[in-house]
Amino acid sequence: MNLAQALLSGLLIGGVYGLFSIGFSLAFGVMRIVNFAHGGVVMLGMYVGLYAFDASGIDLLVSIPAALIAGGLLGATLYVTFYARFVGKATLQQLLLAIALGLIIQVLAQMAFGPNAQSIRSAWGSQYLIIGTMFASYAQIAAFGVAVVATLAVEALLHGTRWGHAVRAVADDAEAAGIVGLDAQRINLGAFSLSCALAALAGSVLVTYYPVSPPVGFGLMPIALIATVIGGLGSVKGAFFGGLICGVVEQVASTAWTPALQDVPLYALLLIFLAVRPFGLFGRPSAH
Amino acid sequence: MAAFLLEVADVSKVFGGLVALKSVSFAIEEGEVVGLIGPNGAGKSTLFEVVSGGMRPTGGTIRYQGEDITNLPAHLRRRAGMSRTFQKIRLFNNLTVEQNLAVAAMQSTPAGRTWKSEVQSALIRLRLTGLVDRKPSELTLADRKKVEIGRAIVGHCRMLMLDESLSGLTRDEADDLVGEILALNRDLGVTILVVEHVMPVVMAMARRLLVLDYGTIIANGLPAEVARNPDVITAYLGTKKGAT
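Note that the structure is predicted; figures quoted are calculated from it, not measured.

### Remarks on the overall build of chain A
Here comes step 1: Tallying secondary structure elements over chain A gives twelve helices and two strands in all.
Here comes step 2: Secondary structure elements of chain A occur, N-terminal to C-terminal, as α-α-α-α-α-β-β-α-α-α-α-α-α-α.
Here comes step 3: Relative to the globule expectation of 19 Å for 288 residues, the C-alpha radius of gyration of chain A, 18 Å, shows essentially globular dimensions.
Here comes step 4: Structurally, chain A occupies a C-alpha span of about 60 × 45 × 35 Å along its principal axes.
Here comes step 5: Across the 288 residues of chain A, 53% fall into the buried class.
Here comes step 6: For chain A, contacts bridging at least 24 residues in sequence account for 77% of all contacts bridging at least 6.
Here comes step 7: As displayed, chain A offers around 11900 Å² of accessible surface, 70% of which is attributable to carbon and sulfur atoms.

Shown next as structure tokens:
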């Protein structure tokens, strides 16, 4: 694999990383919830994609709405049952709760779907677009396209709609939001559901070219954390660009160095950002 | 029975072993401008929080427009027309001036009016139209205070509670803001409850004063009467004089 190919592959998977990192960043930015179960929701989204494909034979047209709905419902359930009481706190208890939920989701997935990796054998996954010496499967390209469109849609939602303004107001100051008539709990419920819907959406497109097994969810968490820190905590476009950077760094490291150590530069990048620019690319130094 | 807009009856608030409010009772009529004063630690902020919905009282009831709102969440009080500002300004710093007003207007604009026109008229009233696209961090303190008042009055606002809105302002800025606040009362009929630390300011604004000391109301009456009340002089003016 040459370097240009690594860049392309990195960019394509980085889009998907960006998509689920947006969800993770949203939960933190609005509610100060560090959702370590986020990767678990991505993994469930992958299974939703897998089964939607098996059942329908059509790739994304069925799996995308199915994943959005499943992820949103799961998010609403998790929020009401567990997270609502931790809003705004980001406490150790909340962190432990999230890790426990992530593990439980993984075990339940193992019981339901078995421990083995499964993948979709779709036509898209085995057809390639060849550009010079580079190539990409249609599944990779479609997943990237979905990620970009979803990111733009979330940005538009947050900055161009009434609900978006309300979410940003709650993120800024939940008590003051109450004082202006906003029901912060209801807005949080919506934001957390969206966060999980985005995770499941990312899973449903990732599974079109990446095999799913229950531990995949936790495996993705470092990416979400690093992408969020690089992009700036709570920033949607930051998390997306953070995801792109993670994808590219990972693939280039894997090509230029060795796949076994592909994550090392990612952690190095995390350390550099934490030391030099802890508020990330799009964060504000004064925030909190 | 005279219809009061706000009735606070026998309200108490205890934090652990500390009694912040001890059986506080008072009532405010529609259209009044009432000042709430008292020395530091008297319980003014606690009373403010309890009335605006930030805290639940330990005992007692709060009625607004004749309805018991003791356990009503803050956002529903705002939608019913009761709004407040904060002693330390709490604007939404990620939103522009216009958006700060818009999020409030969207929640509480009554049927028959549009939230956009509500925002527009509040901006004009407070002379903020030139600042609509600015973020709060780019504004002067006086303008940030105006934006916070704007955010509190857009949509449906029947009662406005101002928590030390004048602190930190220059004399001219304070006079200007007092003018705006009194105009809200005069033009729109908004009932106003102000918490103030500075006596002359509140004497000039309020037509009635409530004095809180150690969690109880020790005086309630016309500013001139209250200023002559020996209990008030001991508790508030006395300690003030002693401190300086």
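Once you've had a look at it, read on.
### So, the packing of helix H7 (residues 162–172) of chain A against helix H3 (residues 97–108) of chain B
Here comes step 1: It is at 10 Å that the axes of H7 of chain A and H3 of chain B come closest, and there the two elements cross at 110°. Here H7 of chain A is positioned roughly perpendicular relative to H3 of chain B, judged by the angle of their axes. Residue-level inspection shows Arg 162, His 165, Ala 166, Arg 168 and Ala 169 of chain A of H7 of chain A in contact with H3 of chain B, the latter providing Gln 99, Val 103 and Met 106 of chain B.
Here comes step 2: Of the residues that constitute the contact of H7 of chain A with H3 of chain B, the class distribution is four nonpolar, two polar and two charged.

### Things to note about the environment of Ala 37 of chain A
All names here are of chain A.
Here comes step 1: With respect to the helices and strands, Ala 37 occurs in the loop between helix H1 (3–31) and helix H2 (38–56).
Here comes step 2: For Ala 37, a relative accessible area of 0% corresponds to the buried category.
Here comes step 3: Spatially, the C-alpha atom of Ala 37 lies 8.4 Å from that of Met 221, the residues being 184 residues apart in sequence.
Here comes step 4: With near-sequence residues (within four places) excluded, Ala 37 lies in contact with Tyr 83, Ala 98, Leu 101, Gly 102 and Ile 105.

Quick notes on the rules
- Residues numbered from 1 in each chain as written.
- Chains lettered and ligands numbered in written order.
- Predicted model: local features only at pLDDT ≥ 70, side-chain atom pairs only at ≥ 80, totals over all residues.
- Heavy atoms only, no water.
- Helix = DSSP H or I, 4+ residues; strand = E, 2+ residues; numbered from the N terminus.
- Rg over C-alpha atoms; globule rule 2.2 N^0.38 Å.
- Buried < 20%, exposed > 50% of the residue type's maximum accessible area, 1.4 Å probe, protein only.
- Contact = heavy atoms within 4.5 Å.
- Areas by Shrake-Rupley, 256 points an atom, 1.4 Å probe, with all protein chains shown as cover.
- Axes fitted to C-alpha atoms, helices over the stretch in contact; angles between N-to-C directions.
- Parallel < 35°, antiparallel > 145°, perpendicular 65-115°, else oblique.
- Nonpolar A, V, L, I, M, F, W, Y, C, P; charged D, E, K, R; others polar.

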